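Descriptive structure summary
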Amino acid sequence: MSLAIICPGKDPSPWIEVIQREKPDLKIQIYPELSDPDSVEVVLVWQHPEGILSNFKNLKLVSSMGAGVDHILRDKSIANDLPIVRIVDDRLTWSMTNYVVMGVLNFHRQLVRYQADQKRKVWDMSNPEIPVKVGVMGVGALGYDVLEKLDYMGFPVFGLGFSEKSAFKFPYFTKNKIDDFLSQINVLVCLLPLTPDTEGILNLELFGKCQPGTFLINVARGKHLVEKDLMIALDEGLISGALLDVYQTEPLPKDHPFWEEERIMLTPHIASVTNPEAAAPQVLENIRRLYANENLLNVVNRTRGY
């Protein structure tokens, strides 16, 4: 039995170091040098080439290198009965919440405005705070923590999801009540999983339902956002600005209009980065459970997409 790591463009060495330290007898093959595909029974993947997993005829488990699994689910060659698992890590949640809080506070206290004033040597003490009501689309482990921390800080918060929830701690709306949700907020945070239902959800139609001047934070997936629609929404005043960490194409092309748009703040997909020290032991534990015929950790529901 061997483990294959397939993560084009990503350095696998931190993962290899932890896995070899924790389980030195486990054979590891690294894409593209897969010398013995027939021995591969578990794969650890991130943005793998679609269809490549069909090369492993004895494959028993697919593990994502992060919390997201859209890169796996879009590969229709993966057998429906093959289990898929993902990483759940408190550190991922901590980092993501800190990033979103940073974005909310930046909008609330208008740091971008004051940075521009500094360059122009303008001393303007008027309206130092924008009243903020935050709506989070996607209230799983990450989204719930964002709601909880912002609520603790005193901000009104609202959640939106695609399933009914009973006894939810915060005001909660299902997808069919999205208009009501958007009418309550002026900061919109996207933390949805990427599924056929959510792809392109951040579009001009949705922006038109927002309160004028709403600020957008997208830390989920680039394919949630119709990028040209955001540019239109900015020009029409539907959206006042945005903080984006994810994009349709990554790295963001040099000629992309977002680079020159002063109303958009960009970061290079770093809001929450998986820590191999915490994540690799989860992979190894699932391998142990697989062969002990025990329930796996963090199994993905393919219908829900997470």
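Summarised in this report is the structure supplied together with it. (Residues numbered from 1 in each chain as written. Predicted model: local features only at pLDDT ≥ 70, side-chain atom pairs only at ≥ 80, totals over all residues. Heavy atoms only, no water.)

A few words on the side chain of His256. Tracing the backbone shows His256 in the loop between strand E11 (239-244) and strand E12 (264-266). In this structure His256 comes out as buried when scored by relative accessible area, which is 13%. (Helix = DSSP H or I, 4+ residues; strand = E, 2+ residues; numbered from the N terminus. Buried < 20%, exposed > 50% of the residue type's maximum accessible area, 1.4 Å probe, protein only.)

Moving on, we get to helix H9 (residues 276-292). Residues spaced three or four apart along an α-helix point in a common direction, a consequence of the helix completing one turn every 3.6 residues. Helix length check: H9, at 17 residues, gives a terminal C-alpha distance of 24 Å against a target of 24 Å (1.5 Å per residue), a fit within 8%. What H9 keeps buried is the set Pro276, Ala279, Ala280, Gln282, Val283, Leu284, Asn286 and Ile287. In this structure, the buried residues of H9 make contact with helix H1 (13-22), strand E3 (40-45), strand E4 (61-64) and strand E5 (84-85). At the exit of H9 stands Asn293, carrying a positive phi of roughly 60°. (Expected span 1.5 Å × (residues − 1). Contact = heavy atoms within 4.5 Å.)

A separate point is the pattern of salt bridges. Under the criterion given, the structure shown has 21 salt bridges. Salt-bridge contacts for Asp25 lead to Lys23; the nearest nitrogen and oxygen are separated by 3.6 Å. Where salt bridges share partners, they join Glu285, Arg288, Arg289 and Glu294 into one cluster. (Salt bridge = Lys/Arg side-chain N within 4 Å of Asp/Glu carboxyl O.)

Quick look at the sheet that holds strand E2 (residues 27-30) now. Spatially, the five strands line up as an open sheet ordered E2-E1-E3-E4-E5, and their pairing is parallel. The open sheet has two edge strands with one neighbour each: E2 and E5. Sheet topology places E4 next to E5; two bridges connect them, and they run parallel. By the bridge assignment, Ser63 is partnered in E5 with Val85. Those strands touched by H1 are strand E1 (2-6), E2 and E3, and its axis lies near 170° from that of E2. Set on the sheet, H9 makes contact with E3, E4 and E5; between it and E3 the angle comes to about 155°. (Pairing = 2+ DSSP bridges. Axes fitted to C-alpha atoms, helices over the stretch in contact; angles between N-to-C directions.)

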